Amino acid sequence: MMRITKRALVCTCAALGCAAISFGALIFWPAPLFAYSLQAGKITVASDRPIPAVGGAHFLHDCEKLLERSPLKAERSEYRVYVTNANWRKRLFFLPHPDAWGIEYPYPLGRNAFLTGADFDTGRIVHWGYVGTPPRTLAYLCAHELTHVIADEHLGIRRYLVPQWAWEGLADYVGIAHRETFEQLRNALGDWPDDTSTRVKYGGYPRYRLLVTYFIEKKGWTVDQLLATRLTTAAATQIMKADER
Ligand SMILES: [Zn+2]
């Protein structure tokens, strides 16, 4: 009896190990599951549906332009973005965060960005039937997720030490096409919480972006200083508010 239980346990562990390794391999090299692709500059977009030539080219151009003005420079010669339109692909690649619009996997798997669904002709993200509106466009999401990929390759294992406000705030700072100045964003946000209506108007992480805008544009921090900070959100906010007095 004991021997059978032991064998069942070993088999279960082996099966779980195999599943985890297969999933990791798929995240690292998802290309076989995406039949269509288009490349321009440093970015290749791959999809499970045909990519319209004009809309696809606009998307790649807009995403690359956003990344070019990032304080964090892309080191690789190619970055890949995968669009998972079909429901089963969405469920598979967004397994850790089913509600996310975009995802990138952390070091050492963080090579690719995944977007939930796309309408290339309108430049909009499509998330389970919901169509995103500017400023959260398809190019915004591409630049946001690829900023995580670039930060990941820049930092390696140190990425796990970056506080969330700096990690997400930087990605939104890069992704938002029409960046407000620090004063404009601060005045627009006021004391409002980061709720849905604020996010629809000012991007995924408006308060984190405000902090990143403050430290980069007002305090003159380099991107390496930003990614090396260990300030909590509360401590960073306190420093920003103390400056306003
Ligand atoms: Zn993010």
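Think of each chain on its own: its residues are numbered from 1, step by step along the sequence as written. Local features in a predicted model are, by the rule used here, given only for residues with pLDDT of at least 70; side-chain atom pairs are given and counted only at 80 or more, and totals for whole chains, interfaces and linings are based on all residues.

### Re the overall build of the protein chain
Here is the rule we go by: The helix count covers DSSP runs of H or I at least four residues long, the strand count covers runs of E at least two residues long, and both are numbered beginning at the N terminus. The reference for a compact globule is 2.2 Å times residues^0.38; the radius of gyration itself is calculated from the C-alpha atoms. Using C-beta atoms placed from the backbone, we call a residue buried if 20 or more other C-beta atoms fall within 10 Å of its own, exposed if 12 or fewer do, and partly exposed for counts in between.
Scanning the protein chain from terminus to terminus reveals 10 helices and 8 strands. Whereas a compact globule of 245 residues would reach a radius of gyration of roughly 18 Å, the protein chain reaches 20 Å, a difference of no more than 12%. Projected onto its principal axes, the C-alpha positions of the protein chain cover 70 × 50 × 35 Å. For the protein chain, buried positions account for 34% of its 245 residues.

### Observations concerning the pairing of strand β5 (residues 112-115)
If a strand is regular, its side chains alternate between the two faces of the sheet. Note the cut-off: Here a strand pair is declared whenever DSSP counts at least two bridges between the two strands.
Judged by which residues are buried, β5 turns out to be covered on both faces: Asn112 and Phe114 on one side and Ala113 and Leu115 on the other are all buried. For strand β4 (residues 102-104) and β5, the ladder comprises 3 bridges, and the chain directions are antiparallel. In the strand pairing of β5, Gly102 is matched with Leu115.

### Re the environment of Ile216
This is how it is decided: Working definition of a contact: two residues with C-beta atoms, positioned from the backbone, lying within 7 Å.
As for its placement among the helices and strands, Ile216 is situated in helix α8 (residues 206-218). Accessibility expressed as a C-beta count within 10 Å gives 19 for Ile216, which makes it partly exposed. Through-space distance from the C-alpha of Ile216 to that of Pro71 is 9.2 Å; in sequence the pair is 145 residues apart. Ignoring any residue separated from it by four or fewer positions in sequence, one finds Ile216 in contact with Pro71, Trp221 and Leu226.

### Some remarks on the domain arrangement of the protein chain
For clarity, the cut-off: Those domain boundaries reflect an automatic or database domain assignment.
Taken as a whole, the protein chain is organised into domain 1 (31-154) and domain 2 (162-244). Between the C-alpha centres of domain 1 and domain 2 there is a distance of 23 Å. Residue-level contacts link 15 residues of domain 1 with 14 residues of domain 2. Elements with a contribution of two residues or more to the side of domain 1 that touches domain 2: α2 (53-68) and α4 (138-155).

### So, the nonpolar core
Selection rule: A set of buried Ala, Val, Leu, Ile, Met, Phe, Trp, Tyr and Cys residues, joined through C-beta atoms within 7 Å, is what we mean by a nonpolar core.
Among the nonpolar cores identified, the biggest contains 50 residues, and Cys63, Val81, Leu115, Cys142, Ala143, Leu146 and Leu170 are the most heavily contacted of them. Those elements that place two or more of their residues in this core are β2 (43-47), α2, β3 (79-83), β5, α4, α5 (164-175), α8 and α9 (223-228). Shared between two domains, this core takes at least three residues from each, and those domains are domain 1 (31-154) and domain 2 (162-244). If we ignore the near neighbours within four places in the chain, the residues touching Leu115 are Val81, Val83, Gly102, Ile125, Leu141 and Cys142.

### Let's talk about the packing of α5 against α8
Angle between the axes and distance between the axes: these two values describe a pair of packed helices. Definition in use: Geometry is summarised by axes, namely lines fitted to C-alpha atoms with helices restricted to the contacting stretch, and by angles between N-to-C directions that run from 0 to 180 degrees. Angles are sorted into four bins: roughly parallel if under 35 degrees, roughly antiparallel if over 145, roughly perpendicular if 65 to 115, and oblique for all others. When residue character is reported, Ala, Val, Leu, Ile, Met, Phe, Trp, Tyr, Cys and Pro are called nonpolar, Asp, Glu, Lys and Arg charged, and the others, Gly included, polar.
The contact between α5 and α8 brings their axes to 7 Å, and the two run at 85 degrees. If you check the angle between α5 and α8, you find them roughly perpendicular. Residue-level inspection shows Trp165, Ala166, Glu168, Gly169, Leu170, Asp172 and Tyr173 of α5 in contact with α8, the latter providing Tyr208, Arg209, Leu211, Val212 and Thr213. Residue classes in the contact of α5 with α8 are distributed as 7 nonpolar, 2 polar and 3 charged.

### Structural notes on α2
Inclusion rule: The span you would expect from a helix comes to 1.5 Å times its residue count less one. For this quantity, the arc is that covered by the directions from the helix axis to the C-beta atoms.
Taking 1.5 Å of rise per residue, the 16 residues of α2 would be expected to cover 22 Å, and the 22 Å separating its terminal C-alpha atoms lies within 8% of that figure. For α2, the set of buried residues is Gly56, Phe59, Leu60, Cys63, Leu66 and Leu67. Taken down its axis, α2 places every buried residue within 130 degrees of arc, on the same side. What points out from α2, more than 90 degrees from its buried face, is the exposed set Ala53 and Val54. Of the surrounding secondary structure, the elements contacted by the buried residues of α2 are β1 (36-40), β2, α4 and α5.

### Remarks on the environment of Phe120
With respect to the helices and strands, Phe120 occurs in the loop between β6 (118-119) and β7 (124-127). Through-space distance from the C-alpha of Phe120 to that of Val54 is 8.4 Å; in sequence the pair is 66 residues apart.

### Quick notes on the sheet that holds β6
Pairing is antiparallel across the open sheet formed by 3 strands, whose spatial order is β6-β7-β8. Each having just a single partner strand, β6 and β8 (130-131) make up the two edges of the open sheet. Bridge analysis of β7 against β8 gives 2 bridges, and the strand direction is antiparallel. Bridge pairing links His127 to Tyr130 in β8.

### Looking at the sheet that holds β5
Taken in spatial order, the 5 strands make up an open sheet running β1-β2-β3-β5-β4, and their pairing is mixed. Where the open sheet ends on each side, the last strands, each with one partner, are β1 and β4. Pairwise comparison of adjacent strand axes, ignoring direction, gives a mean angle of 20 degrees for this sheet. Two elements, β1 and β2, share 5 bridges in a ladder whose sense is antiparallel. Paired with Ser37 across the strands is Ala46, a residue of β2. Most of the contacts of α2 go to β2, to which it runs at about 135 degrees, and overall it touches β1 and β2.

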